Structure formats: C-alpha cells, structure tokens
Amino acid sequence: MQIWKTSALALAATVGVTTLASAQEREQIRIVGSSTVYPFASYVVEEFGATTNFPTPVIESTGSGGGMRLFCEGVGVGTPDITNASRRMKPSEFDRCQENGVTEITEALIGSDGIVLAQSDENDPLALTREQILMAVAAQVPQDGEMVDNPYTNWNEIDSSLPDREIEILGPPTTSGTRDAFEELVMEETAEGAGFPAEYTDIRADGVYVDSGENDNLIVQRIQENTDAIGVFGYSFLVENEDTLDAATVDGVEPTTETISQEDYPVARSLWFYIKDAHEGVIPGIDQYVSLFMDDIMIGEDGLLIEEGLIPLPSAQSAEWRDRVDNRVDLQRSDLEG
C-alpha cells in the first residue's frame, strides 16, 4: 500500500524545494530511538534491506527520550522518519511535535518486554523485592521518620537475607525509556508503601548507581567483567546472553516470556514505534518497512522477533494494532492521557 498525503507537500516546502522529486535528498529511511527496541528494529532493517529493492535503513540507538526529541524537531529530510520507544510517547512530547509541525503521527505497538536486573551467573541466585531495589537506588531513604542521604553500600545492609556484596548497579540514563519504566514500575509503585514520598523517583548520584549509557551490550560486558555488579536492561539482552547472565527474581517472579506476557512479572512494559506520516511518499520505502515490521512474520506469536526476545501481543490485540497502522490512524493527545 503506497500512501500519499497532502502533508508530504508540506515536507517539500519545509526543506525549501519545489517538487517531491527534488525533496528526495535522502534515499534511506532514518530510524532513531530506544536501545531496547533497537535489536528488534535492526532485525527488520536487515531483512528489509535484503528482501526489497530499497536501500537498507539507517538506524541509531539514541534512547527513547533522545529519539522523541529528534523525531519532534520538525518535518523535513534532516529529521528522522521513525522513532522507536520502550514506553509510550508522553503528552509533552506530543505537544512539542505539534508545535514543530509534526502534526500527523501514527503509533504502532509491537509487543512487550521485561526490565531485568541481571548479574554474572558466577554468583548465587538473587531474589529481590521492588522495595529492596528502591532502597538500593534511591538518593534518599526514610529513617526515623525523616528522609536522609542513602547510607547503604552493601546489599545485606538493606536486608540481612541479601548477600554481603557491594551495591553497584549499572543502569540506563535519563534519556532512556528503560529508565522511565524502571522509575515508574519499581520506584513509583513502591515508594509510598515503603515510607517514601508518593511517586518518589530520585536516583542516587554517589557512584552506586552508574549511568551506563544507551548501549545495553556495554552493560552486559561490564557485568561479565565485574561479578559484583548488577545491570538493568531489557529482557531481550538477557535472552541473548543467557549462557553468562542470571536474572534476579523480582517480588518472587522470574522474568520469562510467559510471566511477562501474562503480566505476572512486575517490571514489564510495552514497546512502540512512531511514524512521521508527512515523510511517506517523500522518503522511499517507509510504508513497506512499516508493513514488514507489523507483519505476523515478524511480531506474530511465531514471528521471527520472538526468537530475538520480543514478547508478542495476544493475536486479537496484534490484529487491532496492525489495522490501526495500515489505516494510518492519527495519534491524538487524548490517546496518551490517563
């Protein structure tokens, strides 16, 4: 299906050209965004390049927040066509897109993923609760009715059942959707019941939590080199390195395909990508790339990306989202609220 929209003409005007043909300064699709979605999108990118007559798209791992900023900069060949995200677009990001002329956006839900806390498999198995994780990463903790700077340096100082081992957590930066989801699902969900202010998400900056950038493979490598460290990243990276890594249980639940898809694992989130509709018909191949990504051959229950660690949507939900994407249903701010 080739979709031509009047907004494509606006794109040509934006970049200062008079025809769609001259607007095609860029022949390759440009994709940015989430490091968690990156392995899945990269698989589709390579398949797309190998099986179609279009150039292989250029894909960058910029983090969900970084990708949204680039995507929402405006319409024109100097901006990305698609951004991946390991959490849904925020209303504030939608507003920025609208202000900058990115007024037609299609949202695609591709599946789900768990956030794991993984360690070297040379260690004994580790069982953590979300409250214990919060106590390890919070900038301040409650003591005697007051919030004080976090004094904990070893896990057994938080709970005697935990190992006598230095706390070192290698995690995503503030631009990452994994960081957003971690703060929401671990910290916000647990804070008030653990004596913290409601929705507390301040992460310590004293060297115990180490901002390790957008490349989750580097976190994996550092865990393998430092067996005391624990890494925070998407389930797919655990699947890729299951011969050397072991995931902690969280609230007694092991992260698996089944526990994540059934929403039993407490630290799970949805995975998305967003299409700049004005670029269709100007940048070649966007419609075909999107169709391939949304096809059952990629994200269906027996799709190729399932072997890469993607947790599939239920078939009825997947069909609903495929229909929305095929028909380029415009994203509304109301979709993102609540």
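Everything that follows concerns the structure shown earlier in this document.
None of these values were measured; they are calculated from a predicted model.

Participant: Just checking my understanding: could you explain the overall build of the protein chain for this structure?
Facilitator: Counting its secondary structure elements, the protein chain contains 15 helices and 13 strands. Taking 2.2 N^0.38 as the reference for a compact globule, 338 residues should give roughly 20 Å; the C-alpha atoms of the protein chain span a radius of gyration of 21 Å, in line with that estimate. By its C-alpha atoms, the protein chain is 70 × 40 × 35 Å across when sized along the principal axes. Evaluated residue by residue, the protein chain yields a buried proportion of 55% over its 338 residues. Expressed as a percentage of contacts within the protein chain between residues at least 6 apart in sequence, the contacts between residues at least 24 apart total 73%. For the protein chain, the distance from the average site of its 19 positive side-chain charges to the average site of its 63 negative ones is 8 Å.

Participant: What is the right way to look at the side chain of Asn84 in this model?
Facilitator: As for its position among the elements, Asn84 is in strand β3 (residues 82–85). Beyond its immediate sequence surroundings of up to four residues, Asn84 is in contact with Ile31, Val32, Gly33, Ser34, Val37, Ala41, Ile59, Ser64, Trp272 and Phe273.

Participant: Sorry if this is basic, but what is going on with helix α8 (residues 177–191) here?
Facilitator: Helical periodicity: at 3.6 residues per turn, an α-helix aligns residues three or four positions apart in one direction. If you check α8, its first and last C-alpha atoms are 20 Å apart, about what 15 residues at 1.5 Å a residue would give, namely 21 Å. Taking burial as the measure, the 15 residues of α8 include 12 buried ones, the bulk of the element. Every buried residue of α8 is accounted for by Gly177, Thr178, Arg179, Asp180, Ala181, Phe182, Glu183, Leu185, Val186, Met187, Thr190 and Ala191. Summarising the contacts, the buried residues of α8 are in contact with α4 (64–71), β4 (105–120), α6 (130–137), β9 (209–211), β10 (230–234) and β13 (268–276).

Participant: Help me out: how do you make sense of the packing of helix α3 (residues 38–51) against helix α12 (residues 286–294) in this one?
Facilitator: In a pair of packed helices, the angle between the axes and the distance between the axes together describe the arrangement. In contact at an axis separation of 10 Å, α3 and α12 are set at 120° when each is read in the N-to-C sense. As far as their axial angle goes, α12 and α3 are oblique. Regarding α3 and α12, the two cross each other, and that crossing is right-handed. Together, Phe40, Ala41, Val44, Val45, Glu47 and Phe48 of α3 and Gln288, Tyr289, Leu292 and Phe293 of α12 make up the contact between the two elements. For the contact of α3 with α12, a count of residues per class yields eight nonpolar, one polar and one charged.

Participant: Please explain the state of the cysteines as it appears in this structure.
Facilitator: Throughout the structure, instances matching the rule amount to one disulfide. Covalent S-S linkage joins Cys72 and Cys97, the inter-sulfur distance amounting to 2.0 Å. On the sign convention where negative is left-handed, the bridge of Cys72 and Cys97, at about -70° about the S-S bond, is left-handed. Of this pair, Cys72 sits in the loop between α4 and β3 while Cys97 sits in helix α5 (residues 91–99); the two residues are 25 residues apart in sequence, bridging distant segments of the chain. The residues Cys72 and Cys97 share a single accessibility class, namely buried.

Participant: Can you walk me through helix α14 (residues 315–326) in this structure?
Facilitator: Between its first and last C-alpha atoms α14 spans 16 Å; for 12 residues at 1.5 Å apiece the expected length is 16 Å, and the two agree. Within α14, burial applies to Ser318, Trp321, Arg322 and Val325. Projection of α14 onto a plane perpendicular to its axis shows the buried side chains occupying an angular sector of 105°, all on one side. Arg328 occupies a position one or two residues after α14 and carries a positive phi of about 50°.

Definitions and cut-offs
All residue numbers refer to position in the chain's written sequence, counted from 1. Only residues with pLDDT of 70 or above have their local features reported here, since the model is predicted, and side-chain atom pairs are shown and tallied only from 80 upward, although totals for entire chains, interfaces and linings are computed over all residues. Excluding hydrogens and water, the side-chain figures rest on all heavy atoms present in the structure. Counting from the N terminus, the helices are the DSSP runs of H or I reaching at least four residues and the strands are the DSSP runs of E reaching at least two. Radius of gyration here is computed from C-alpha atoms only, and the compact-globule reference equals 2.2 Å multiplied by the residue count raised to the power 0.38. Residue exposure (1.4 Å probe, protein chains only): buried if accessible area is under 20% of the type maximum, exposed if over 50%, otherwise partly exposed. Whether two residues are in contact is decided by their heavy atoms, any of which lying within 4.5 Å being enough. Residues scored as positive are Lys and Arg, those scored as negative are Asp and Glu, and His as well as the terminal groups of each chain are ignored. The atom standing in for a charge is NZ when the residue is Lys, CZ when it is Arg, CG when it is Asp and CD when it is Glu. Expected span of a helix, by definition, is 1.5 Å for each gap between consecutive residues, and there is one gap fewer than residues. Angles run from 0 to 180 degrees between N-to-C directions of axes, and those axes are lines fitted to C-alpha atoms, restricted for helices to the stretch in contact. To sort the angles, those under 35 degrees are grouped as roughly parallel, those over 145 as roughly antiparallel, those from 65 to 115 as roughly perpendicular, and the leftovers as oblique. Take the far helix as the reference: if the near one is turned anticlockwise from it by less than a right angle, the crossing is left-handed, and if turned clockwise, right-handed. Charged means Asp, Glu, Lys or Arg here, nonpolar means Ala, Val, Leu, Ile, Met, Phe, Trp, Tyr, Cys or Pro, and polar covers whatever is left, Gly included. Cysteine sulfur atoms are paired as a disulfide whenever they fall within 2.5 Å. The directions considered for the arc are those from the helix axis to the C-beta atoms.

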